[in-house]
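Given next are the chains, with one letter for each unit.
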Amino acid sequence: MITQQKVLFQIPLLIGKLKNINNDIIIKDALDNKDNKFSTDSFNTHSEDSYLPMSDELNNIFTNIISDIENQMSLKLRLKNYWCIVNKPNASIHIHDHYDTDIAIAYYPMVYENSGDIVFQWEDSLTNKWGENRYSITPKNNMYIAFPGYLKHFVTTNLSKKDRISLSANLNIEKKS
């Protein structure tokens, strides 16, 4: 007789879509700031990340995503930091995690067919019953993905002939006092 059931290694991914967003503003800001990089060291994963000024539209995006996540997970979240990535044709993003954050998000204001999938990867010891330790998502315009900061991920090569723009952010759970 079974007396308990416990799920030990469930990894939540939340996938949503925003409506009534003026992505043209975000795209213009991202392209205007694409050379304003966090790091010029090509061995640093932040060399792919660009600063982006906060605007009303950007605030609207983060407010909507955070509200969706808070409602789904019964949490109170705080925006820690954010940036944009302009992936040129034939560019990809190295595998990395957001080790010092609770929830990471990616939002896609401008993607094209074959412009790169986001791939999540976990330790082989946690491989699922089908022998898989990766999960791939093909982004769509206005889509966002929220995932645990510890979850390793990368972006496959942009095989389109156009830039692919994404926004990323780190969120932390506000602790109850």
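Here, the structure is the one placed above.
A short tour of the structure in this document, coming up.

What counts, and where the lines are drawn
- Residues numbered from 1 in each chain as written.
- Predicted model: local features only at pLDDT ≥ 70, side-chain atom pairs only at ≥ 80, totals over all residues.
- Heavy atoms only, no water.
- Helix = DSSP H or I, 4+ residues; strand = E, 2+ residues; numbered from the N terminus.
- Buried < 20%, exposed > 50% of the residue type's maximum accessible area, 1.4 Å probe, protein only.
- Core = buried A, V, L, I, M, F, W, Y, C linked by side-chain atoms within 4.5 Å.
- Contact = heavy atoms within 4.5 Å.
- Polar contact = N/O pair within 3.5 Å; in protein donor to acceptor, adjacent residues only side chain to side chain.
- Phe/Tyr/Trp six-rings, centres within 6.5 Å; stacked < 30°, edge-to-face > 60°.
- Pairing = 2+ DSSP bridges.
- Axes fitted to C-alpha atoms, helices over the stretch in contact; angles between N-to-C directions.

**A short note on the environment of Ile-65**
Piece 1. Here Ile-65 lies in helix 2 (residues 56-73).
Piece 2. For Ile-65, a relative accessible area of 0% corresponds to the buried category.
Piece 3. It is 9.0 Å that separates the C-alpha atoms of Ile-65 and Tyr-107, two residues lying 42 residues apart in sequence.

**Some points on the nonpolar core**
Generally speaking, nonpolar side chains in soluble globular proteins are found buried as a group.
Piece 1. Residues Ile-61, Ile-65, Ile-69, Ile-105, Tyr-107 and Leu-167 are the most contacted members of the largest nonpolar core, which totals 26 residues.
Piece 2. Considering each element in turn, this core owes the most residues, 6 residues, to helix 2.
Piece 3. When residues no more than four places from it in sequence are discounted, the contact partners of Ile-69 are Leu-14, Ser-74, Leu-77, Ile-103, Ile-105, Ala-146 and Leu-171.
Piece 4. One finds Val-111, Trp-122, Ile-137 and Met-143 within the second-largest nonpolar core, a separate group that totals 12 residues.

**What to know about the side chain of Gln-121**
Piece 1. Along the chain, Gln-121 falls in strand 5 (residues 118-121).
Piece 2. There is a polar contact of 2.7 Å between the side chain of Gln-121 and the side chain of Arg-134.
Piece 3. Not counting residues within four places of it along the chain, the set of residues in contact with Gln-121 comprises Ile-95, Asn-133, Arg-134, Leu-151, Lys-152 and Phe-154.

**Section: the packing of aromatic side chains**
Piece 1. Scanning all chains against the criterion turns up 4 aromatic pairs.
Piece 2. Seen in terms of ring centroids, Phe-38 and Tyr-51 are 4.3 Å apart; in terms of plane orientation they differ by 40 degrees. Their pairing is tilted. Separated by 13 residues along the polypeptide, Phe-38 in the loop between helix 1 (23-32) and helix 2 and Tyr-51 in the loop between helix 1 and helix 2 bring together distant segments of the chain.
Piece 3. Here the aromatic cluster, defined as three or more aromatic residues joined through ring pairs, consists of Phe-38, Tyr-51 and Trp-83.

**Regarding the sheet that holds strand 6 (residues 134-137)**
Piece 1. Pairing within the open sheet is antiparallel, and its 4 strands lie in the order 3-8-5-6. Pairing within the sheet leaves two strands with one partner each, and these edge strands are strand 3 (93-96) and strand 6. Averaged over neighbouring strand pairs, the angle between their axes works out to 15 degrees when direction is ignored.
Piece 2. Pairing between strand 5 and strand 6: 4 bridges, direction antiparallel. Pairing of Val-119 across the sheet is with Ser-136, part of strand 6.

Keep in mind that these numbers describe shape and distance, not what the molecule does.
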